[in-house]
Amino acid sequence: MPRILTGVQSTGVPHLGNLLGAILPAIKWAHACSEPSFLFVADLHSITQIKDSKLLKENTYQVVAAWLACGLDTDRIIFYRQSDVPEVTELAWYLNCFYPYQRLKLAHSFKDKKDYIEDVNSGLFTYPMLMAADILLYDAEKIPVGKDQLQHLEIAREVAQRFNRKMGKVFVLPEAMMLENLLHIPGTDGQKMSKSRKNTINIFAPDKDLRKQIMSIQTDSMPLKAPKDPEKDLVFSFYKLLASEEEIDHMRENYLAGGYGYGQVKQALYEFFLKHFAKEREKFNSFVQDEALLDEILVHGSQRASKVAQQTLKRVRHALGFSANDLN
Ligand code: ADP
Ligand code: TRP
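Cut-offs and rules
Residues numbered from 1 in each chain as written. Chains lettered and ligands numbered in written order. Predicted model: local features only at pLDDT ≥ 70, side-chain atom pairs only at ≥ 80, totals over all residues. Heavy atoms only, no water. Near = heavy atom within 4 Å. Polar contact = N/O pair within 3.5 Å; in protein donor to acceptor, adjacent residues only side chain to side chain. Areas by Shrake-Rupley, 256 points an atom, 1.4 Å probe, with all protein chains shown as cover. Phe/Tyr/Trp six-rings, centres within 6.5 Å; stacked < 30°, edge-to-face > 60°. Helix = DSSP H or I, 4+ residues; strand = E, 2+ residues; numbered from the N terminus. Buried < 20%, exposed > 50% of the residue type's maximum accessible area, 1.4 Å probe, protein only. Pairing = 2+ DSSP bridges. 1 Å grid on protein atoms, 1.4 Å probe; cavity = no way out; pocket = protein on both sides within 12 Å on 5 of 7 lines; lining within 4 Å. Points joined across faces, edges and corners; volume = space filled by probe spheres on them. Nonpolar A, V, L, I, M, F, W, Y, C, P; charged D, E, K, R; others polar. Core = buried A, V, L, I, M, F, W, Y, C linked by side-chain atoms within 4.5 Å. Domains from an automatic or database assignment. Salt bridge = Lys/Arg side-chain N within 4 Å of Asp/Glu carboxyl O. Expected span 1.5 Å × (residues − 1).

A few words on the site of ligand 2. For ligand 2, the set of nearby residues contains 14 residues, the closest of which are Gln9, Tyr127, Met131, Asp134 and Gln149. Residue Asp134 places a side-chain N or O atom 2.6 Å away from a nitrogen atom belonging to ligand 2. Interatomic distance of 3.0 Å between a side-chain N/O atom of Gln149 and a nitrogen atom of ligand 2. Within the complex, 89% of the 360 Å² of free accessible area of ligand 2 lies under protein.

So this is what it looks like as structure tokens:
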């Protein structure tokens, strides 16, 4: 299996969509590789949105704790904080100079976001160049991403090709990898679950908050007594994501029989999540309180990542005719 590289933004505690769509499949894949993969917390990307240092730090620890709670093995995976390997920003600059402004303007993610967020800064616009640098710095070949990131991957590949064509073959061309059935996990409102839409289910939240999120899942207004079609209900779709076939069949019967209200379905889903993620929730709470341990883990990861980053940057600087002597 080829090793992978992927990043998760430190914009808050990862939600169910992040977990099922990115973290769990990435860990599973990376653990099956013979060579170490690269997984990182993309805090440099997060500053496009967050300008509060305390919050940024807190978010990073939460993301790190979440990955570790999901079983990430730091021996088998080079796990680091993006900002701890600043070589990436240098590479991003070079890439910026090799990618046409007119093409960057076509990036969907920027076009979509600029209409509903307040802070539309230049970092947000050049975001795909930093993402390309994340990938190219480590000669990464396979990049697991969700559908929303596919275009960014295309851009990374294209900028690598442009650079290689002009300066000689320096970069490995990366490829997107869709892990399993990368569907868009819906949020509590039925739209794609996303932090920015405030429709998340956060399985690492305290019991009370998790319950509140689940209780806010939108349903129709069928009365309690009426038989209901489970396939049309959002709560059932969450249940189906993780429950066993037997559990799903049982729940389906409840819907079809009638006399089973949405309040009960939601309570059942809440209890199911508590049980299903019991181990992860417990580990998350213990990691998140031990920042010294998290720092130690991240430093170790960044030292390993730096070694690879410096080698690549040396190649790039050499191709550009810049001095590369100060790099190891
Ligand atoms: P958000 O949309 O909440 O800001 P991110 O953009 O930080 O989430 O996404 C981090 C990772 O999680 C990406 O790989 C993305 O594809 C995946 N992801 C995010 N939301 C979902 C979702 N609703 N369903 C599946 N995967 C998702
Ligand atoms: N942009 C990705 C997201 O929002 C996170 C990310 C940053 C990333 N750098 C990356 C993902 C490199 C894969 C590879 O989800």
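Using the criterion set out here, one finds 15 aromatic pairs in the structure. With a centroid separation of 4.5 Å and an interplanar angle of 45°, the aromatic rings of Phe98 and Phe163 are classed as tilted. Taken together, the positions of Phe98 in the loop between α4 (87-96) and α5 (101-104) and Phe163 in helix α8 (residues 150-167) put the pair 65 residues apart, joining distant regions of the chain. Comparing Phe98 with Phe163 shows no difference in burial state: the two are buried. A connected cluster of aromatic rings, assembled from ring pairs, spans Phe38, Phe40, Tyr80 and Tyr138.

A separate point is the pairing of strand β3 (residues 77-81). Burial within β3 is extensive, with five of its five residues counted as buried. Of the two faces of β3, the one lined by Ile77, Phe79 and Arg81 and the one lined by Ile78 and Tyr80 are each fully buried. Bridge count between strand β2 (residues 37-42) and β3: five bridges; the pairing is parallel. Note that in β3 the partner of Phe40 across the bridge is Tyr80.

Within the chain, Asp139 stands out as a residue other than glycine whose phi angle is a positive 50°. As for its placement among the helices and strands, Asp139 is situated in the loop between α7 (122-136) and β4 (142-144). A relative accessible area of 17% means that Asp139 is categorised as buried. The backbone phi angle of Lys198 is positive, close to 55°, even though this residue is not glycine. With respect to the helices and strands, the residue Lys198 is situated in the loop between β5 (175-177) and α9 (207-215).

Summed over all chains, the structure comprises one cavity of 30 Å³ or more. Taken together, Ala107, Ser109, Phe110, Lys113, Leu124, Phe125, Tyr127, Pro128 and His152 make up the full set of residues lining the largest cavity. Every element with two or more residues in the lining of the largest cavity is listed here: α6 (108-113) and α7. If you tally residues by element for the lining of the largest cavity, the top one is α7, at four residues. The residue makeup of the lining of the largest cavity, split by class, is six nonpolar, two polar and one charged.

Turning next to the nonpolar core. Membership of the largest hydrophobic core comes to 55 residues, with the highest contact counts inside it found for Leu16, Trp67, Phe79, Ile201, Phe238 and Phe273. With eight residues, helix α3 (residues 53-69) is the largest single contributor of residues to this core. Taken domain by domain, the makeup of this core includes at least three residues from each of domain 1 (5-186 + 290-320) and domain 2 (205-276). By size, the runner-up hydrophobic cluster in this structure holds 46 residues, among which are Leu5, Tyr127, Ala140 and Ala160.

Side-chain pairing between opposite charges can occur once the charged atoms of the two side chains come close. Inspection of the entire model under this criterion finds 17 salt bridges. Between Asp119 and Lys51 there is a salt bridge, and its shortest N-O distance comes to 2.7 Å. Within this pair, whereas Asp119 is found in the loop between α6 and α7, its partner Lys51 is found in the loop between α2 (43-46) and α3, the two being separated by 68 residues in sequence. When its relative accessible area of 28% is taken as the criterion, Asp119 is described as partly exposed. Looking at Lys51, the relative accessible area reads 57%, which means it is exposed. Put simply, Glu175 and Lys142 hold a salt bridge, and the shortest N to O gap is 2.9 Å. Of this pair, Glu175 sits in strand β5 while Lys142 sits in strand β4, and the two are 33 residues apart along the sequence. On the accessibility criterion, Glu175 (38% relative accessible area) is partly exposed. What makes Lys142 partly exposed here is its relative accessible area of 22%.

Moving on: α3. The terminal C-alpha atoms of α3 lie 24 Å apart, and with 17 residues this matches the ideal 24 Å at 1.5 Å per residue to within 8%. Summarising burial for α3: 12 of the 17 residues are buried, a large majority. Residues Leu56, Asn59, Thr60, Tyr61, Gln62, Val63, Val64, Ala65, Ala66, Trp67, Leu68 and Ala69 constitute the buried set of α3. Taking the backbone nitrogen of Lys54 as reference, a side-chain oxygen 3.0 Å away marks Asp52 as the first, capping residue of α3. Just beyond α3, the residue with positive phi is Gly71, at close to 105°.

Read these as spatial facts, not as claims about activity.
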